[in-house]
Amino acid sequence: MQNPAALPCRAWLRGAAIVILLAGCDAPKPGAGQLTLQNASRIVPRGETAGGRVGDFYLRNELATFIVQRPGRELALGPYGGSLIDVSLDGSFDRFGELIPTLALGRTIKIDTVEVISDGSDGKPATIEARGRDATNAYYNLEGIVPSLLSYQPDGSGVLGFDPDAPLGCEVRVRYALEPDEARLAVTYTFVNRNATRLGLPVGFIVDARAMVETFIPGSGFGNSLAASGDEEDLAAALLYDRAADLLAVVGEDVTTVIVPRSLGDTGRPRAIGAQVPSLGSALLIGARTLAAAGKEGTFTLDPDESITLRLDVLLESSLDRALARGWELIGQPLGEVTGCVRLSDGLPAAGVRVGLLGREADGAEVPITAFTTDAAGCFAGRAPPGEYRAIAGGTYRPPSALVPLTVPGSVTLELAPLGAVEVAVEVFDRVESPVASPKPCRVSLVGARPPIDHPALGGEPFDDPGGAIARQALLRDCRGHLEVVPGRYLAIVTRGPEFERLEQLIEVSSATPAAVVGRLRRVVDTAGYAASDFHVHSIYSPDSRVPETERVLSIAAEALDFWASTDHDVVTDYAPVIRRLGLEDDLATIPGAEVTTFDTGHFNAYPLPYDETRANGGTPDWAVRDDGHRPTMQELFDSIHQQGALVQVNHPRSGGTALGAYFSRAAMTFDPLTRQPYGDPGAQPLANAYLRYPTEVVYFSADFDVLEVMNGISTYTRGAMAYDRDVESVGHDWMNFLSGGRRVVAVANSDTHTTGDPPGNPRTLVGGHDGGVPGLVAALSRGDVILTTGPMLRVTLENEAGQLAGLGDLLPARGRRATLRVHVESPTWFWADQVEVRANVWFPDPTLGGEAPALVPAFPLALVEVPRGNGGRAYVGAAELELDLGASPFSFADSWLVVLVGGASSVVFPVMQGGGGTVNLAGATPDEFLTNRSGVRPFAISNPIFIDGDDDGRWAPPLDGEVMSP
């Protein structure tokens, strides 16, 4: 995370204090140099994605700052340094991730040295030069996706014309030059062929946006150019992508960065393909005909010892239209003046809305060319290529204007419908027995007619769109606030997680009068001793998430979560400072962690990890290929994580069949029927070791992990009166096999949220040890005092004949034949779990076949009682006692385990848990008439095991020949 001390002096000078403060600040001067402990806080831009650290290099003048990463290994998309990692206009935030060169798609540049050529003190350009050579990009492995589509074949039949793991024999110099009076960085790559034969080299660039930004490409506009899924059909279509791009823009709130290919050798400006890439950012492929050709056809060809230069300009402006106009100027594109205003239909100016221009291509297709933003008076002025356009105005969550013809040079007037407002003032009673309200966060969901979300000419793809029946959603720090929405009739639903009541009100929103949402939210479920938690959450620090750190913390607090691990992709983040800044330190506890995102063999969360502020990635575990061409085995990787004092959590181990993140499927994990132990079968792997950068003989699988993500998101279903979850009936089969084989693996339920529209804690993990602070929570998680739930609170104990009690994760000595199982369930009165089921010693000969797990005690009804709370709320509470015979099958006085499930088929947890809805009747007179046929997530919870020492020998080791329940 960015050091708060990095706030430049000039950004907070105000009024008469300027003179005084300037006496203590070093004003920026033109120059280039290296970041040190003394100067880094004054030079590195502000911003969540600012990556500059001591040892990196800077170029700056009165207008802009650019940071180039020092040489050295950094687990990131650009793994070897020497790349542009931060950019900012003077006083603005960094809105940029990294500019990463690609050679033949699968390789990049490994920088050995970076030096200052000129510090700019002589009035000439400040210049830095990096030197290196081609190298395997250690972070990604194209052949590890789908080898049938993306692979190198010696006979030339593969899409890749070069082996990503074989040296190309290319030396590279990268020179960065900044003029004293321009916010424009000239980046020149010089490629030298050091082979004895000719070299045809494909060259491109990945733009890792990694920020709250949008990509805009003239001719494509905003949004992803390529399909978001990774299946073979979409990948095959992506390989045919061929849209040329003169330039590419990364659009932030206060700065737009434009990358302009300027020249290639003596041939002038090269053709480039530009594409927005899902979950990454964007790409520029130089000299390519198609995406597939970029992996095979050379951007240029060099004879031995011949060299060629490729120049890009990286320029900064305060707005998209200014940045595009400056980029077009650089390549000689004629421009005309364009002006316009946007008015609301009530005559007021429409300030801060976008105006997009759509032009016609040769084939008749209408495509976005540029976009402007209106000022406080609702007007704009700028430049665009001369021609005939249609203009459109609008923004996120509002209907756009009509399309109006415009000739450039020229002017246009557009009209938008005004928005209305919702004012929320809800009291929150956060304690079950206290009638005293406290200012706590909440979530407001508006069910009604959904407005348009985004437009390729206007952008605005939001990270807070919940989809479905919910038109808008807002997170409020004190459950009080203001929300602008399209006028209409809505059902406002105010929530604070499934432990609270739900407030529903019908509102009429007009452009003239704000609608009011008032009332109370009361906690009614007693979770004392347990922390509502989520151990898989993403934010702006992940390349596939745009949620700012403040919004991420607020989204967690609004669901009444108590504890979470930060798990951004290969970045360790520490949210403690953000929690303090929001004043939520009494409500939230967190531990730094990371999702260790091995590109092609699975995803693993590691937490708690030490946060290393000297590293741009916070010191995340390094899983990538080493200099010897091989990568750590999973045992080596898990060992390195454990040595840092962290737990290893396997994420979505069978998601999407053989998807990149599906560890068990990728390793062809199965279980030995005799030893009941898991093992990876290289012969059955969907991808052979040769495609995964492992030696042929290596078995890379390891079961030496601690936690298993049994629920990733929610996929409940009903059978009879009981609710179940599909992940529990698939991944849960592996988990139960681990238990029956003697492995005490802890199961968790996580959201894996990358947005705020998909809330954290959806589902959630309840972890014991809450009274012991973070150490107590981590200890309780490690021993398995854990419940997985979509909402219901579940407590389970087991008592033997000697009166000894065991809770979740505990080992109970048998001490006789009888044991009493006690189950306690709570929920608000707006949903309920009224069925109980018990499973024990379950074993699946083949856990991939699916099917229902056998029950020790089949689902039976639970009597619920409505109980008043001291804060005025009411809850459903149910309890059950069961007598178990430890001498009967499947226990038979052997070491055993059991888990408890609760669920209900006749209610839903929507909208607290997303993934539901109903039929919207805008004329409905009551909330139930407005939203009928409600559907969605069912109440469901499953405990971690209680272990039984059936043979009373003081340890737990299920016998290999012990009885199990198999389907």
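Conventions we followed
- Residues numbered from 1 in each chain as written.
- Predicted model: local features only at pLDDT ≥ 70, side-chain atom pairs only at ≥ 80, totals over all residues.
- Heavy atoms only, no water.
- Helix = DSSP H or I, 4+ residues; strand = E, 2+ residues; numbered from the N terminus.
- Rg over C-alpha atoms; globule rule 2.2 N^0.38 Å.
- Buried < 20%, exposed > 50% of the residue type's maximum accessible area, 1.4 Å probe, protein only.
- Contact = heavy atoms within 4.5 Å.
- Areas by Shrake-Rupley, 256 points an atom, 1.4 Å probe, with all protein chains shown as cover.
- Lys, Arg positive; Asp, Glu negative; His and termini not counted.
- Charge placed at Lys NZ, Arg CZ, Asp CG, Glu CD.
- Pairing = 2+ DSSP bridges.
- Axes fitted to C-alpha atoms, helices over the stretch in contact; angles between N-to-C directions.
- Disulfide = S-S within 2.5 Å.
- Core = buried A, V, L, I, M, F, W, Y, C linked by side-chain atoms within 4.5 Å.
- 1 Å grid on protein atoms, 1.4 Å probe; cavity = no way out; pocket = protein on both sides within 12 Å on 5 of 7 lines; lining within 4 Å.
- Points joined across faces, edges and corners; volume = space filled by probe spheres on them.
- Nonpolar A, V, L, I, M, F, W, Y, C, P; charged D, E, K, R; others polar.
- Salt bridge = Lys/Arg side-chain N within 4 Å of Asp/Glu carboxyl O.
- Polar contact = N/O pair within 3.5 Å; in protein donor to acceptor, adjacent residues only side chain to side chain.
- Phe/Tyr/Trp six-rings, centres within 6.5 Å; stacked < 30°, edge-to-face > 60°.
- Lys NZ or Arg CZ within 6 Å of the ring centre and 35° of its normal.

K.L.:
Kindly report on the overall build of the protein, identifying the contributing residues and their values.
P.N.:
Within the protein, the secondary structure is distributed over 12 helices and 60 strands. For 967 residues, the compact-globule formula gives about 30 Å, and the C-alpha radius of gyration of the protein, at 30 Å, lands near that figure. Along the three orthogonal principal directions, the C-alpha set of the protein runs to about 90 × 75 × 60 Å. Within the protein, the proportion of its 967 residues that are buried is 60%. Within the protein, contacts between residues at least 6 apart in sequence are counted, and of these 71% link residues at least 24 apart. For the protein, the accessible surface area stands at approximately 33900 Å², while carbon and sulfur atoms represent 51% of it. On the protein, the mean spot of the 77 positive side-chain charges and the mean spot of the 121 negative ones are 4 Å from each other.

K.L.:
So what's going on with the environment of Gly 221? Residues and values would help.
P.N.:
Turning to its location among the elements, Gly 221 is positioned in strand 13 (residues 221–222). Among the residues examined, Gly 221 registers a relative accessible area of 0% and is labelled buried. Remark: the alpha-carbon pair of Gly 221 and Gln 276, spanning 55 residues in sequence, is separated by 9.6 Å. Leaving out residues up to four positions away in the same chain, Gly 221 has contacts with Thr 215, Phe 216, Gln 276, Pro 368 and Pro 456.

K.L.:
Can you break down helix 5 (residues 549–558) residue by residue, with the values?
P.N.:
In terms of burial, helix 5 is largely enclosed, as eight of its 10 residues are buried. Turning to helix 5, its buried residues are Glu 549, Arg 552, Val 553, Leu 554, Ser 555, Ile 556, Ala 557 and Ala 558. Check the buried side of helix 5 and you find it contacts strand 28 (442–447), strand 29 (470–476), strand 31 (488–495), strand 35 (563–565) and helix 6 (576–581). A positive backbone phi angle near 60° is found at Ala 560, which sits one or two residues after helix 5.

K.L.:
Quick rundown of unusual backbone geometry? Include the residues and the values.
P.N.:
Peptide bonds are trans in most cases, and residues, glycine excluded, mostly fall at negative phi. Following Tyr 607, the chain continues to Pro 608 via a peptide bond in cis, the omega torsion being -10°. Residue position: Pro 608 is located in the loop between strand 38 (602–607) and helix 7 (634–643). Geometrically, the link from Asn 762 to Pro 763 is a cis peptide bond, its omega value of 10° lying close to zero. Look at Ala 104: it is not a glycine, yet its phi comes out positive at around 55°. Counting through the fold element by element, Ala 104 comes out in the loop between strand 5 (98–103) and strand 6 (107–118). In this structure, Asp 570 takes a positive phi of about 55° despite not being glycine. With respect to the helices and strands, Asp 570 occurs in the loop between strand 35 and helix 6.

K.L.:
Outline the pairing of strand 17 (residues 281–286), listing residues and values.
P.N.:
Summarising burial for strand 17: six of the six residues are buried, a large majority. With six bridges joining them, strand 11 (residues 203–208) and strand 17 adopt antiparallel strand pairing. Its bridge partner being in strand 17, Phe 205 is matched across the sheet by Leu 284. Where strand 16 (residues 272–277) meets strand 17, six bridges bridge the pair, whose relative direction is antiparallel. Looking at the pairing, Ile 273 lines up with Leu 285 of strand 17. Here strand 16 hands over to strand 17 after three residues, with Ser 279 in that stretch at a positive phi of 65°.

K.L.:
Which residues make up the sheet that holds strand 30 (residues 480–485), and what values go with them?
P.N.:
Strands pair in a sheet through their backbones, by hydrogen bonds, and they do so in one of two ways: parallel or antiparallel. Taking strand neighbours across the sheet as the criterion, the three strands line up as 30-27-33 in an open arrangement whose pairing is mixed. Every interior strand has two partners, whereas the edge strands, strand 30 and strand 33 (515–522), have only one. Neighbouring strand axes in the sheet, compared pairwise and without regard to direction, differ in orientation by 20° on average. Here six bridges tie strand 27 (residues 420–429) to strand 30, and the two strands are oriented antiparallel to one another. When the sheet's bridge partners are listed, Ala 421 is paired in strand 30 with Glu 484.

K.L.:
Hey, could you go over helix 10 (residues 731–740) for me, with residue numbers and the actual values?
P.N.:
Counting buried positions over the 10 residues of helix 10 gives 10, a clear majority of the element. Phi for Gly 742, located one or two positions after helix 10, is positive at around 95°.

K.L.:
Tell me about the side chain of Asn 137, and please be specific about residues and values.
P.N.:
Within the secondary structure, Asn 137 is located in the loop between strand 7 (126–136) and strand 8 (170–178). Other than its neighbours up to four places away in sequence, Asn 137 contacts Leu 77, Pro 79, Gly 106, Arg 107, Thr 108 and Arg 693.

K.L.:
Before we move on, could you go through the state of the cysteines and cite the residues and values that matter?
P.N.:
In the structure shown here, the tally under the stated rule is two disulfides. A sulfur-sulfur distance of 1.9 Å marks the disulfide that ties Cys 341 to Cys 379. With the S-S dihedral at roughly 100°, the linkage between Cys 341 and Cys 379 falls on the right-handed side. Placement of Cys 341 in strand 20 (residues 336–344) and of Cys 379 in strand 23 (residues 379–384) is noted, with a sequence separation of 38 residues between them. One disulfide in the model links Cys 442 with Cys 479; its S-S distance is 2.1 Å. Handedness of the Cys 442-Cys 479 disulfide follows from its S-S torsion of about 95°: it is right-handed.

K.L.:
Provide a residue-level description of the nonpolar core, including the pertinent values.
P.N.:
Generally speaking, a soluble globular protein has its nonpolar side chains buried in company with each other. Formed by 98 residues in total, the largest nonpolar core has its most connected members in Tyr 663 and Trp 735. When residues in this core are grouped by element, the largest group, five residues, is from helix 10. Non-local contacts of Tyr 663, meaning those with residues more than four positions away in its chain, are made with Thr 601, Gly 602, Phe 604, Met 634, Phe 638, Val 650, Pro 653, Tyr 700, Phe 701 and Ser 702.

K.L.:
Would you mind going over empty space enclosed by the protein in detail, with residue names and values included?
P.N.:
Applying the stated criterion across every chain, the model contains six cavities of 30 Å³ or more. One number sums up the size of the largest cavity: a volume of about 350 Å³. In this structure, the largest cavity is lined by 28 residues; those nearest its centre are Thr 49, Gly 51, Arg 210, Ala 616 and Asn 617. Of the residues in the lining of the largest cavity, the class split is 13 nonpolar, eight polar and seven charged.

K.L.:
Tell me about the pattern of salt bridges, and please be specific about residues and values.
P.N.:
According to the stated counting rule, one finds 57 salt bridges in the structure shown. For Arg 693, the salt bridge goes to Asp 165, with nearest N and O atoms at 2.9 Å. Linking Arg 693 in the loop between helix 9 (689–692) and strand 42 (707–712) with Asp 165 in the loop between strand 7 and strand 8, this pair joins segments that are 528 residues apart in sequence. By relative accessible area, Arg 693 is classed as buried at 6%. Notably, a salt bridge pairs Arg 194 with Glu 171, separated by 3.2 Å at the nearest N-O pair. Placement of Arg 194 in the loop between strand 9 (184–193) and strand 10 (199–201) and of Glu 171 in strand 8 is noted, with a sequence separation of 23 residues between them.

K.L.:
Just give me the short version of the side chain of Ser 539, but keep the residues and values in it.
P.N.:
Mapped onto the elements of the fold, Ser 539 is located in the loop between strand 34 (531–534) and helix 5. Side chain to side chain, Ser 539 and Tyr 575 meet in a polar contact 2.6 Å long. Not counting residues up to four positions away in its chain, the partners in contact with Ser 539 are Ser 545, Val 547, Arg 552, Asp 568 and Tyr 575.

K.L.:
How would you sum up the environment of Leu 554? Please name residues and give values.
P.N.:
Along the chain, Leu 554 falls in helix 5. According to the relative accessible area criterion, Leu 554 is buried, its value standing at 8%. The sequence separation of Leu 554 and Cys 442 amounts to 112 residues, and the corresponding C-alpha distance is 8.7 Å. Those residues in contact with Leu 554, other than ones at most four positions away along the chain, are Pro 441, Leu 475, Leu 476, Arg 477 and Leu 582.

K.L.:
Give me the pairing of strand 52 (residues 835–840): which residues, what numbers.
P.N.:
Of all six residues making up strand 52, six are buried, and the element is well covered by its neighbours. Residues Gln 835, Glu 837 and Arg 839 of strand 52 are buried on one face, and the alternating residues Val 836, Val 838 and Ala 840, pointing to the opposite face, are buried as well. Pairing analysis gives three bridges linking strand 52 to strand 53 (residues 857–861), with the strands arranged antiparallel. The residue of strand 53 that forms the bridge with Val 838 is Val 857.

K.L.:
Describe the sheet that holds strand 49 (residues 805–806), listing the residues and the values that go with them.
P.N.:
Read from one edge of the open sheet, five strands run 49-48-51-55-54, paired in antiparallel fashion. In the strand order of this sheet, the two ends are held by strand 49 and strand 54 (864–868), each with one partner. Pairing analysis gives 11 bridges linking strand 51 (residues 818–828) to strand 55 (residues 874–885), with the strands arranged antiparallel. Opposite Pro 828, over in strand 55, you have Ala 875 as the bridge partner.

K.L.:
Go over the packing of aromatic side chains with me, naming the residues and quoting the values.
P.N.:
To describe a pair of aromatic rings, one takes the distance between the centres and the angle between the planes. Under the definition given, this model contains 26 aromatic pairs. Aromatic side chains Tyr 663 and Phe 664 sit 5.8 Å apart centroid to centroid with 45° between the ring planes, which places their arrangement in the tilted category. Among the aromatic side chains, those forming a connected cluster through ring pairs are Phe 604, Phe 638, Tyr 663, Phe 664, Phe 671, Phe 701, Phe 705, Phe 738 and Trp 843. The lysine or arginine in question, Arg 676, covers the ring of Trp 843, its NZ or CZ lying 5.8 Å from the ring centre. We note Arg 744 situated over the ring of Phe 947; from NZ or CZ to the ring centre the distance is 4.0 Å.

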